[in-house]
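Here is what each chain is made of, one letter per residue.
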Amino acid sequence: MADNEFTVQIITPDRVFYEGSVSMVEFNTREGEIGVYKDHIPLTSVLSPGIVTLHENGGLKEAAVHSGFAQILPDKVTMLAEIAEWPDEIDVERAKRAEKRARDRIARHDKNLDLVRAETALRKSLVRQNLAEYR
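Would you mind going over the packing of aromatic side chains with me for this structure?
The description of an aromatic ring pair uses the distance of the two centres, along with the angle that the planes make with each other. A full pass over the atoms with the stated rule returns two aromatic pairs. Ring centres of Phe17 and Trp86 lie 4.4 Å apart, and the angle between their planes is 25°; on these two criteria the pair is classed as stacked. Note that Phe17 is positioned in strand β2 (residues 15–22) and Trp86 in the loop between β8 (76–85) and α1 (92–108), a separation of 69 residues in sequence. Taken individually, Phe17 and Trp86 each receive the classification buried, so the pair is uniform in this respect. When the centroid spacing of 6.3 Å and the interplanar angle of 70° are considered together, the rings of Tyr18 and Trp86 count as edge-to-face. A residue pair is termed long-range when its members are at least 10 positions apart, and Tyr18 in strand β2 and Trp86 in the loop between β8 and α1 qualify at 68 residues. No difference in accessibility class separates Tyr18 from Trp86, as the two residues are buried.

How do you make sense of the layout of surface pockets when you look at a structure like this?
Empty space left among the atoms is revealed by rolling a probe the size of a water molecule over them. Quantified by volume, the largest pocket comes out at close to 330 Å³. Lining the largest pocket are 17 residues, and of these Arg94, Ala98, Arg101, Lys124 and Arg128 sit closest to its centre. Broken down by secondary-structure element, the contributors of at least two residues to the lining of the largest pocket are β8, α1 and α2 (115–134). Of the residues in the lining of the largest pocket, the class split is six nonpolar, two polar and nine charged. Its volume calculated, the second largest pocket comes out at about 150 Å³. Lining the second largest pocket, in full, are Arg30, Val46, Leu47, Ser48, Pro49, Ser67, Gly68, Val116, Thr120 and Arg123.

Sorry if this is basic, but what is going on with the pattern of salt bridges here?
Opposite charge on two side chains lets them pair, provided their charged atoms get close. Inspection of every chain in the model, using the stated rule, returns seven salt bridges. In this structure, Glu89 and Arg15 form a salt bridge, with 3.0 Å as the shortest nitrogen-oxygen distance. Of the two residues, Glu89 sits in the loop between β8 and α1 while Arg15 sits in strand β2, which places them 74 residues apart along the sequence. Look at Glu89 and you get partly exposed, because its relative accessible area is 35%. For Arg15, a relative accessible area of 32% gives the class partly exposed. For the salt bridge of Glu93 with Lys96, the shortest nitrogen-to-oxygen distance reads 4.0 Å. Here the residue Glu93 and the residue Lys96 both occupy positions in helix α1, the gap between them amounting to three residues, near one helical turn. The exposure class assigned to Lys96 is partly exposed, which follows from its relative accessible area of 34%.

Analysis parameters
Residues numbered from 1 in each chain as written. Predicted model: local features only at pLDDT ≥ 70, side-chain atom pairs only at ≥ 80, totals over all residues. Heavy atoms only, no water. Phe/Tyr/Trp six-rings, centres within 6.5 Å; stacked < 30°, edge-to-face > 60°. Helix = DSSP H or I, 4+ residues; strand = E, 2+ residues; numbered from the N terminus. Buried < 20%, exposed > 50% of the residue type's maximum accessible area, 1.4 Å probe, protein only. 1 Å grid on protein atoms, 1.4 Å probe; cavity = no way out; pocket = protein on both sides within 12 Å on 5 of 7 lines; lining within 4 Å. Points joined across faces, edges and corners; volume = space filled by probe spheres on them. Nonpolar A, V, L, I, M, F, W, Y, C, P; charged D, E, K, R; others polar. Salt bridge = Lys/Arg side-chain N within 4 Å of Asp/Glu carboxyl O.

In C-alpha cells, the structure reads:
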C-alpha cells in the first residue's frame, strides 16, 4: 500500500461488497457529498443514496450505495450499507419502473403518503439508472 492509501470496506447484510486500498473515496451523506483522503479526522455519518467513487491505483471504480452508516478513521473507511451494487448488477428496467411508481405516488398528493420514503425510493431509482446507463 502506498503512503497516501488507506483501506475502504463496504459491507452489506449479505456480503463484503468491497475491500481494497484507495487514495480517495467519495460518497453521499445526509449532510452532502464528502471526499476522504488518508488521515481524515475520525467521523461517523449517515449514508444517503448515491454513487461511491473509489480512487484506486490505476483507475476509478463506482458503485451505487443506498442508506447506511460510514465510519471514517485516519487509515480506514468502513461503510455499512443496506444495498451496494456495481453497475453491471443493476436491472435498469426495474429501476425505471421503481422511478415511475415513486413519481406517481408523489404526484397523487395522498394525505397518507410517507413523502420521505417516496422521495428516497425515487432517489435510489435515479442513482441506479445514472450509474448503470451513463457510466
